[in-house]
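As a plain string of letters, each chain reads:
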Amino acid sequence: MPPRRAVPPTGQQRDRQGPPGSPPQGFRQPPGGRRPAPPPEREPDLITHHAHNGTDDFGRDPYDDGYDDAAFNEFADDVEPQDELDENGKKVLTPAQRKKRRWKIIRRVAYACVGLFFVVPAIAFVITYFLVDVPTPENIKSLQNQPITYYDASGQVMGRELPPGGDRQLLKPGEVPEVVKHAVYSAEDATFETNSGFDVTGILRAVWNQVSGGQGGGSTISQQYIKQATQNDAPTLTRKWTELAKSFKMNNQQSKEEIITSYLNIVYFGRGANGIQAAAKAYFNKDAKDLNASEASLLAGLIQGPGKSENQAYAQKRWTYVMDQMVANKWLRADERATFQYPTPIPKNANKEQNSGKLTYQVQQRIKDELAAKGYDENKLFSSGAKIYTTIDPAAQEAAEKATADGMKGQTDENLLNALVAVDPKTGGVLAYYGGPELVKDANGKDQIGQDRANQARNPGSSVKAFDLTAFLKMGKGLGETFDGSNNRVLGGRTVRNAGDSASCGKECTVAKAMEISANTVFYDMVLNVTKPSRVAEAAKEAGVKVAPDGKSVLYTDDNNISLGGGGTAVTPEDMAAAYASFASGGTYHEQHFVAKLTNNQDEVEFDQNNIKTNPAFDDDASKSQQIAGNVTEALKPVIEHSKLKCPTGHECAGKTGTQQYTAKDGDPASYNDRNAQTWMVGYTPSVSAAVWVGGDGNKPLHDPKNKPIFGATIAGPTWQNFMNLYLKGKPAEKFDKVQPIGKDVNDVTTTQQKPSDTPTTTTPPTSTESSPSTEPSDTETSTSRTTRTRPGPPISSINPGDGNTFGGGGGLASPPGAGPG
């Protein structure tokens, strides 16, 4: 492109160089000696031409600066070419222009984000800050002072329980010892002393845990205090937002010492203890100021799971974590840490009285356990002023307490204990519950809370045979099937014995007859060779026996001892009553429960157990499940008379006794060889199922006032009969529904039963000169001596301590002749 000529200053005419008539400067002169060619001829200029409109010979305005003169643009070197357009008519950008535009967009988006995520929230946070109020411990105390009210099945008040806050002492700033504060910091918020009410790092960590599936929240102690104080733990952004604002405001208004004291005054530690002072009393019976590092760590660790306070494995795990965190944060030296051991809390409720009126302590605790499993711990119950409508029938409870007391009258064996539970087959509600005396004497003669025997698992003995039969019927087998019911049969390499002639029925013994007389050989054979132990366990669970983690019962299937209710198999009285209720209901399963309905103090319903649907127990087909249950009932009805018991007047009933032998020890007297450790009677009518257990605390050789062994029909049977008579007196008559037989009908079978002993029947145990029959399979095929037998089964450690004899196999021991099955 040719060089652009110089442009004269704006508003001035260019200076002309040279004499008049000379060509303008900047144009090349023709070479010397050559005459320029005359210009071509042209038409005379019009008035519109430059000669007449003020322009010079070159067609430009002398006052124009020349920058926009198209006539000279072609000679300029800095004039950009005209913009290129794409096919849509839009300007085509250069790479530099495109980059510039991109950064412009990014800047604008960044400005918008800053406004959206920082400026707007900051404004909103400031507004929220001035609108919210920080609650005080005094406000919280007044809100929590609402008693729990318990009602029986008739709607009458059973008792009222005042909240622990009624006598709670609020500590003042400076009264919480440093060791307690450091333990709580280690457990909940290590940055408490330095954060401003919320921890950004903790919040980000909590978000990451949520995304990655980990555990742990981002709440500081200040935030937790707000949540505890407002009793609002709804998983909403609104709640979290106001919680942040309140915690920040509290940190601006109060000192850290005031905040930690307020928090420790209201936080819940379990055992009904709100606040650190109440917790120190509930767990260690001392003031908070006297807690050491180990005790403080245990309490601090329970803040996250107060409902698991009695779970030693959980509590010890949390204690270990807090102690280690105290060392990590330099609040405890490593050598000091090594000297501390896990502290042992005092027994629950050992240091306070219960204001429960007619409500027994055992029933109260079972109710609380049930509600805690549904997410309603004591803290929520007290905060809402809960009204708990129970399933306890006052008439049934009174009958249970009287029957158990009458059954123990005249007994001289100090090891004898008993329990009784009754369940409504139509709902699964617990009608009566007795687990032993509420107060007992300790080794020093002081009163202490008695154990709940109704919620402890024991060997059920022959009462488990109802589940053997259920599994058999589910396979399509009937009561008319026959087995060899003779005594001393070798099965699975072991000699299985019956309880003498009265519990033996020959080579072709029907299942119905075997159930009536409790023939061990038949049911051991049935489970070993037909159903297998796993089907028996499954039938028991379908009926209502609850095993871990939902319950305490154990159904051990690694050997055949489950067939006779021995070995590692152990069931609670509550589970036995509930399971037999599934037979009484015609094969419909209703989960056992104590709470029918829960409301707050405004009568707003939290849940209604009566609205929960039920399911067939033993088969998805309700009619098939009813048929199975009905066949079990037909087999259990004759057991009542055979056990020398009677049904309540006008009521059909069915049931089964059970006996578990005492495991003899070296050095025991010879008389102990025939002793028993656990005895049962479980039976039902269409309207009530009841289980009675009479036994010892573990493996104890029990005896009656005449120093003779006891059996299922000795104390447990009469206690059950007494309860049924008391409770059903005056109630309408009832009968079981009839069902079709399953498999081979017993009425179509002709068998030759072994003739029982002609000795007159009596409830007196055999004399020392009579042979001692055994219900327990033996590892030796020929030995008949109890002292030489070994008892298979898992070690006692496989069952919770105190749950009873976990060795011997088999039940059904009767007192020959004619005392009935065990």
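Above this text you will find the structure in question.
The following paragraphs examine the structure supplied in this document. This one's a predicted model, so the numbers in the text were calculated from it and none came from an experiment.

1. Points about the overall build of the protein
Right, so step 1: A count of helical and extended segments in the protein gives 23 helices and 18 strands.
Right, so step 2: Counting every position in the protein, which comprises 822 residues, the buried fraction comes to 49%.
Right, so step 3: Put simply, 72% of the contacts in the protein that link residues at least 6 apart link residues at least 24 apart.

2. Quick notes on the sheet that holds strand β1 (residues 148–151)
Right, so step 1: Overall, mixed pairing links the five strands, which are arranged β2-β1-β3-β13-β14 in an open sheet. In this open sheet, the two edge strands, each paired with only one partner strand, are β2 (157–161) and β14 (605–608). If you compare each strand with its neighbour and ignore which way they point, the axes differ by 15 degrees on average.
Right, so step 2: In terms of strand pairing, strand β13 (residues 595–599) meets β14 through three bridges, oriented antiparallel. Within β14, the position partnered with threonine 599 by the bridge is valine 605.

3. A closer look at helix α17 (residues 465–474)
Right, so step 1: Most of α17 sits out of view: nine of its ten residues are buried.
Right, so step 2: Those residues of α17 not exposed but buried are Lys465, Ala466, Phe467, Asp468, Leu469, Thr470, Ala471, Phe472 and Leu473.
Right, so step 3: Directly after α17, the chain includes glycine 476, whose backbone phi takes a positive value near 90 degrees.

4. Focus on the environment of valine 688
Right, so step 1: Note that valine 688 resides in the loop between β17 (676–684) and β18 (689–695).
Right, so step 2: Separated by 264 residues in the primary sequence, valine 688 and aspartate 424 have C-alpha atoms spaced 5.0 Å apart.

5. Regarding unusual backbone geometry
Right, so step 1: Across the junction of alanine 548 and proline 549, the peptide omega takes the value 5 degrees, indicating a cis bond.
Right, so step 2: Residue lysine 532 is not a glycine yet carries a positive backbone phi of 75 degrees.
Right, so step 3: Relative to the helices and strands, lysine 532 resides in the loop between α19 (520–531) and α20 (533–543).
Right, so step 4: Residue classification places lysine 532 among the partly exposed positions, given a relative accessible area of 39%.

6. Things to note about the pattern of salt bridges
Two side chains that carry opposite charge are able to pair once their charged atoms sit near each other.
Right, so step 1: Taken as a whole, this structure holds 27 salt bridges when the rule is applied.
Right, so step 2: The salt bridge partner of lysine 507 is aspartate 484, with a shortest N-O separation of 3.4 Å. Within this pair, whereas lysine 507 is found in the loop between β10 (494–496) and β11 (509–510), its partner aspartate 484 is found in the loop between β8 (482–483) and β9 (489–491), the two being separated by 23 residues in sequence.
Right, so step 3: Among the salt bridges present, the one from lysine 738 reaches glutamate 634, with a minimum N-O distance of 3.8 Å. A residue pair is termed long-range when its members are at least 10 positions apart, and lysine 738 in the segment after α23 (712–728) and glutamate 634 in helix α22 (residues 622–642) qualify at 104 residues.
Right, so step 4: Exposure remark for lysine 738: the relative accessible area of 62% places this residue in the exposed category.
Right, so step 5: Overall, the relative accessible area of 33% leaves glutamate 634 in the partly exposed class.
Right, so step 6: Shared partners join several salt bridges into a network, and the residues in it are Asp484, Arg489, Lys507 and Asp525.

7. Concerning the side chain of aspartate 452
Right, so step 1: Mapping aspartate 452 onto the fold places it in the loop between β7 (447–449) and α17.
Right, so step 2: Of the side chains bearing the opposite charge, arginine 366 lies closest to the buried aspartate 452, which forms no salt bridge; the N-O distance is 4.5 Å.
Right, so step 3: Looking at aspartate 452, its side chain comes within polar contact range of the main-chain nitrogen of alanine 454, at 3.1 Å.

8. Considering the state of the cysteines
Right, so step 1: Within the structure shown, the criterion is met by two disulfides.
Right, so step 2: The disulfide partner of cysteine 505 is cysteine 509, and the S-S distance across this bridge is 1.8 Å. Because the torsion about its S-S bond is -100 degrees, the bridge between cysteine 505 and cysteine 509 counts as left-handed.
Right, so step 3: The disulfide partner of cysteine 647 is cysteine 653, and the gap between their sulfur atoms is 1.7 Å. One quick way to see it: the torsion about the S-S bond of cysteine 647 and cysteine 653 is about -85 degrees, and its sign makes the bridge left-handed.
Right, so step 4: Here cysteine 653 falls in the buried class, since its relative accessible area comes to 3%.
Right, so step 5: Assigning the bonded cysteines of the protein consecutive numbers by sequence position, one obtains the connectivity 1-2, 3-4.

9. Here's the deal with the sheet that holds strand β5 (residues 430–434)
Right, so step 1: The five strands are arranged β5-β4-β18-β17-β16 in an open sheet whose pairing can be described as antiparallel. Since the sheet does not close on itself, it has two edges, and those belong to β5 and β16 (654–661), each with one partner. When strand polarity is set aside, the average angle formed by the axes of neighbouring strands in this sheet is 10 degrees.
Right, so step 2: Strand direction decides the pairing type here: β16 and β17, joined by eight bridges, are antiparallel. From the neighbouring strand, lysine 656 faces β17, where its bridge partner is valine 682.

10. Some words on the packing of α17 against α19
Right, so step 1: At a minimum axis separation of 10 Å, α17 and α19 run at an interaxial angle of 40 degrees. The pairing of α17 with α19 is recorded here as oblique in orientation. Of the two possible hands of crossing, α17 and α19 adopt the one that is left-handed. Contacts between α17 and α19 involve Lys465, Asp468, Ala471 and Phe472 from the first element and Asn520, Phe523, Met526, Val527, Val530 and Thr531 from the second.

11. Side note on the environment of serine 309
Right, so step 1: Locating serine 309 in the fold gives a position in the loop between α11 (293–301) and α12 (312–328).
Right, so step 2: Take serine 309: its relative accessible area is 12%, and that puts it in the buried class.
Right, so step 3: As a C-alpha pair, serine 309 and leucine 298 span eleven residues in sequence and 9.6 Å in three-dimensional space.
Right, so step 4: Among the polar contacts listed, one links the side chain of serine 309 to the side chain of glutamate 310, at a separation of 2.9 Å.

What counts and what doesn't
- Residues numbered from 1 in each chain as written.
- Predicted model: local features only at pLDDT ≥ 70, side-chain atom pairs only at ≥ 80, totals over all residues.
- Heavy atoms only, no water.
- Helix = DSSP H or I, 4+ residues; strand = E, 2+ residues; numbered from the N terminus.
- Buried < 20%, exposed > 50% of the residue type's maximum accessible area, 1.4 Å probe, protein only.
- Contact = heavy atoms within 4.5 Å.
- Pairing = 2+ DSSP bridges.
- Axes fitted to C-alpha atoms, helices over the stretch in contact; angles between N-to-C directions.
- Salt bridge = Lys/Arg side-chain N within 4 Å of Asp/Glu carboxyl O.
- Lys, Arg positive; Asp, Glu negative; His and termini not counted.
- Polar contact = N/O pair within 3.5 Å; in protein donor to acceptor, adjacent residues only side chain to side chain.
- Disulfide = S-S within 2.5 Å.
- Parallel < 35°, antiparallel > 145°, perpendicular 65-115°, else oblique.
- Left-handed = near helix turned anticlockwise from the far one by under 90°.

By themselves, these figures tell us nothing about what the structure is for.
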